Amino acid sequence: MNSIGDDSVFEYDPHQNKTSSELQMEIDRCRSSKRYIIALLVCFGSLNMFILRTNLTIAIIEMMSNKTIVVGNRTITREPEFKWDSKTRGFLWSLFYYGFLATPLGGYLADKYGGVRIYGYGILVTAILTFFTPMNLRLSIYWFSICRVIQGVAEGMSFPSIQIIALKWSRPDERTKFVAFGYTGVYIGTAVSFPLCGYLAHKYDWTAIFYGTGMIALFWALMWFLIVPSDSPQNESRFSSRLSVNSETEISRKMTTYPWKHILTSKSLWMLIIGRITYALGYNIVALCFPLYLRDTTTYNTNEISQLSAIPNITTVFVMPLLGWLADYLIDKKIFSTSQVHRIYLSGSLFIAAVILISIGYISKLAVIIICLVLFKILLSFAIITIQVMPVCIAPAYSSLISGITTLWHTITMIITPLCIGFLVTDRSIEQWRLYFVSTAIVMILGSIVFFTYATSELQPWAIIEEEEDDDNETEMGSLNGLKF
């Protein structure tokens, strides 16, 4: 066996004469200098993912609308390039989420190969395919369908990677803030996606929506791979020596098998799934139902409705980082345990949100409805922070896999919810909307009660991985095994 002084082990290592504490300080400084930049890039990555997912909504409107142009003294009206019926449009909108069902695969790959690469390649693939969207649409709806499903697969694999990136590039006491800030990009995306796509369509044509958003995402991918070349601080070139370390950020690299039986029968996992489904029902109210509700119960046009629908999401952009800081503060100061904070954040917020949802159906003043929706979305922010952080708490080594499994159930809910709306809201009456709101609120209340009663964020016994080291390795590398990452 190689000893500490063996050049075959520490060849080209500039830090071979440093003690374990000195080397630890070097790695900590590496993490400290980059973690804010990485968190910002993760945030913009989430923003790009949301824009690439929703750009089709505005594009379809433009593709199916008459185009009026002025040539000299003449006004020419061009017929729409595509003439799809409502069923076809609904099918095209849903294609992405069928691909998104591959999210658990992303969690597995992130755990196995590293979150940095999976996150970057997922967005890169989606951006490249976005450039081919106009060509595929003009060739055949089937080519476009294949392209759109693959985009859903690529993004579905990217989202769970955020947990692994946070696990490796943030300190334990700031992990909630890191994850919360990373996912803030989604909410920024909800505020800028429609205005950006609308501007590109108005300034140029519908193809510019895909070329413009694809170019922005490609630029992000270039920055990502240039700035974040490694999956963790200790993999930076100056720390490339073959150290044997005992670190939570290295656990996933040492895994060869997954305890599937323990994972799939874990009460913590199923409580997280229930929380995710409950949140998804609330999320659909803001993302899908509210614009439709305004269309059916007011006289506002599409542009005005899109602007009103963006208000709740804009407020969330500023609230999310504060909620992450508050959660870490409550846990850090031992005011509440991690499990208590998560139960209060998710169950308390969704329970109150359900009550607000019921009241919306009986409010006639639009200004009051908007205020209720803003409060509703802020409450959802409490829940999503818990959902994104809990996998890291209950099973750090399998956090991306667990996040992928829970996101799968979120996606299924996103597919089913429009069908429920179509079944319950048939004549666009406010009475039928009230029925849907009340039905959704009841399910949300039940889900929040179950989560509050049984959920825990404690590290699960099956998630503890012990490294096997022989006696010689323990003797010769003992001084290095205390390194923390």
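Rules behind the numbers
Residues numbered from 1 in each chain as written. Predicted model: local features only at pLDDT ≥ 70, side-chain atom pairs only at ≥ 80, totals over all residues. Heavy atoms only, no water. Phe/Tyr/Trp six-rings, centres within 6.5 Å; stacked < 30°, edge-to-face > 60°. Helix = DSSP H or I, 4+ residues; strand = E, 2+ residues; numbered from the N terminus. Buried < 20%, exposed > 50% of the residue type's maximum accessible area, 1.4 Å probe, protein only. 1 Å grid on protein atoms, 1.4 Å probe; cavity = no way out; pocket = protein on both sides within 12 Å on 5 of 7 lines; lining within 4 Å. Points joined across faces, edges and corners; volume = space filled by probe spheres on them. Nonpolar A, V, L, I, M, F, W, Y, C, P; charged D, E, K, R; others polar. Axes fitted to C-alpha atoms, helices over the stretch in contact; angles between N-to-C directions. Parallel < 35°, antiparallel > 145°, perpendicular 65-115°, else oblique. Left-handed = near helix turned anticlockwise from the far one by under 90°. Expected span 1.5 Å × (residues − 1). Polar contact = N/O pair within 3.5 Å; in protein donor to acceptor, adjacent residues only side chain to side chain. Patch = residues over 30% accessible without salt bridge, like charges linked within 9 Å, V, L, I, M, F, W, Y side chains within 5 Å. Areas by Shrake-Rupley, 256 points an atom, 1.4 Å probe, with all protein chains shown as cover. Salt bridge = Lys/Arg side-chain N within 4 Å of Asp/Glu carboxyl O. Contact = heavy atoms within 4.5 Å. pLDDT = per-residue confidence, 0-100. Core = buried A, V, L, I, M, F, W, Y, C linked by side-chain atoms within 4.5 Å.

Trainee: Explain the packing of aromatic side chains to me, please; I cannot follow it from the model alone.
Mentor: Any pair of aromatic rings gets described here by the distance separating the centres and the angle formed by the planes. Here the structure, examined in full by the defined rule, presents 20 aromatic pairs. Taking the centre distance of 5.8 Å and the plane angle of 85° together, the rings of Tyr293 and Trp433 count as edge-to-face. With a gap of 140 residues between them, Tyr293 in helix α12 (residues 267-297) and Trp433 in helix α17 (residues 430-454) connect regions that are remote in the sequence. Like Trp433, Tyr293 is buried. Among the aromatic side chains, those forming a connected cluster through ring pairs are Tyr293, Trp433, Tyr436 and Phe437.

Trainee: Explanation requested: unusual backbone geometry in the structure shown.
Mentor: Glycine aside, the phi torsion of most residues is negative, and most peptide linkages are trans. Positive phi is not limited to glycine here, since Lys334 has a value of about 60°. Take Lys334: it is sitting in the loop between α13 (302-332) and α14 (338-360). Note on Lys334: relative accessible area 72%, which makes it exposed.

Trainee: Can you walk me through empty space enclosed by the protein in this structure?
Mentor: Empty pockets left among the atoms are what a rolling probe the size of a water molecule brings to light. Tallying each qualifying case throughout the model produces one cavity of 30 Å³ or more. The calculated volume of the largest cavity comes to roughly 240 Å³. Those elements that place two or more of their residues in the lining of the largest cavity are α1 (20-63), α2 (86-100), α8 (175-203), α12, α15 (366-394) and α16 (399-424). Residue contributions to the lining of the largest cavity peak at four residues, all from α16. In terms of residue class, the lining of the largest cavity is built from eleven nonpolar, four polar and two charged.

Trainee: How should I be thinking about the packing of α12 against α16 in this particular structure?
Mentor: Between two packed helices, the angle of one axis relative to the other and the distance separating the axes together describe the packing. Interaxial distance between α12 and α16 falls to 8 Å at its minimum, and their mutual angle equals 40°. In terms of their interaxial angle, α12 and α16 are classed as oblique. Two packed elements cross with a definite hand, and for α12 against α16 that hand is right-handed. Here the contact of α12 with α16 is built from residues that sort into 17 nonpolar, seven polar and one charged.

Trainee: I'm lost on helix α6 (residues 141-158) in this one. Help?
Mentor: Note on helix geometry: an α-helix contains 3.6 residues per turn, so any two residues three or four positions apart are oriented the same way. Here α6 spans 26 Å end to end across 18 residues, near enough to the 26 Å set by a 1.5 Å rise per residue. Listed as buried for α6 are Phe144, Ser145, Cys147, Arg148, Gln151, Gly152, Ala154, Glu155, Gly156, Met157 and Ser158. Two or three places before Tyr142, at the opening of α6, Ser140 has a side-chain oxygen 3.0 Å from that residue's backbone nitrogen.

Trainee: Please clarify how a nonpolar patch on the surface should be interpreted in this entry.
Mentor: A cluster of nonpolar side chains, Val125, Ile128, Phe132, Met135, Leu139, Trp143, Ile146 and Ile150, forms an exposed patch at the surface whose accessible area comes to about 760 Å². Listed by contribution, the elements that provide at least two residues to the nonpolar patch are α4 (115-131), α5 (133-139) and α6. The dominant element in the nonpolar patch, judged by the number of residues it contributes, is α6, at three residues. Take Ile150: it is sitting in helix α6.

Trainee: Even after reading the chapter, I still don't get the packing of α4 against helix α9 (residues 206-227), so can you show me in this structure?
Mentor: Packing of α4 against α9 leaves a shortest axis separation of 8 Å and a crossing angle of 155°. As far as their axial angle goes, α9 and α4 are roughly antiparallel. Read as a crossing pair, α4 and α9 show a hand that is left-handed. Every residue of α9 that contacts α4 at Val116, Tyr119, Gly120, Tyr121, Ile123, Leu124, Ala127, Ile128, Thr130 and Phe131 is listed here: Phe210, Tyr211, Thr213, Gly214, Met215, Ala217, Leu218, Trp220, Ala221, Trp224 and Phe225. Residues of the contact of α4 with α9, tallied by class, amount to 17 nonpolar, four polar and no charged.

Trainee: Would you take a moment to explain the confidence of the model for the chain for this structure?
Mentor: The predicted coordinates ought not to be read in detail in places where the model reports low pLDDT. Averaged over every residue, the pLDDT of the chain is 78; the share at 70 or more is 78%. The least confident element of the chain is helix α18 (residues 471-477), whose mean pLDDT is 40; the most confident is α14, at 94. This model gives residues 1-17 a pLDDT under 50, and the stretch forms 25 contacts once residues within four places in sequence are excluded.

Trainee: Whenever I open this one, the nonpolar core confuses me. Can you help?
Mentor: A general trend in soluble globular proteins is that nonpolar side chains are found buried together. Tyr119, Ile165, Trp224, Phe376 and Tyr398 are the most contacted members of the largest nonpolar core, which totals 98 residues. Ranked by residues supplied to this core, first place goes to α15 with 17 residues. Core analysis: the next-biggest nonpolar cluster, separate from the first, contains 18 residues, Ala59, Met63, Phe82 and Phe144 among them.

Trainee: Looking at this structure, how should I read the side chain of Thr411?
Mentor: Within the fold, Thr411 resides in helix α16. Among the residues examined, Thr411 registers a relative accessible area of 0% and is labelled buried. In contact with Thr411, other than residues within four places in its own chain, are Tyr97, Phe100 and Leu101.

Trainee: Whenever I open this one, the environment of Ile402 confuses me. Can you help?
Mentor: In this structure, Ile402 sits in helix α16. For the pair Ile402 and Leu272, spaced 130 residues apart in sequence, the C-alpha to C-alpha distance is 9.1 Å. Not counting chain neighbours up to four residues away, the residues in contact with Ile402 comprise Leu269, Leu272, Pro391, Ile394, Ala395 and Trp462.

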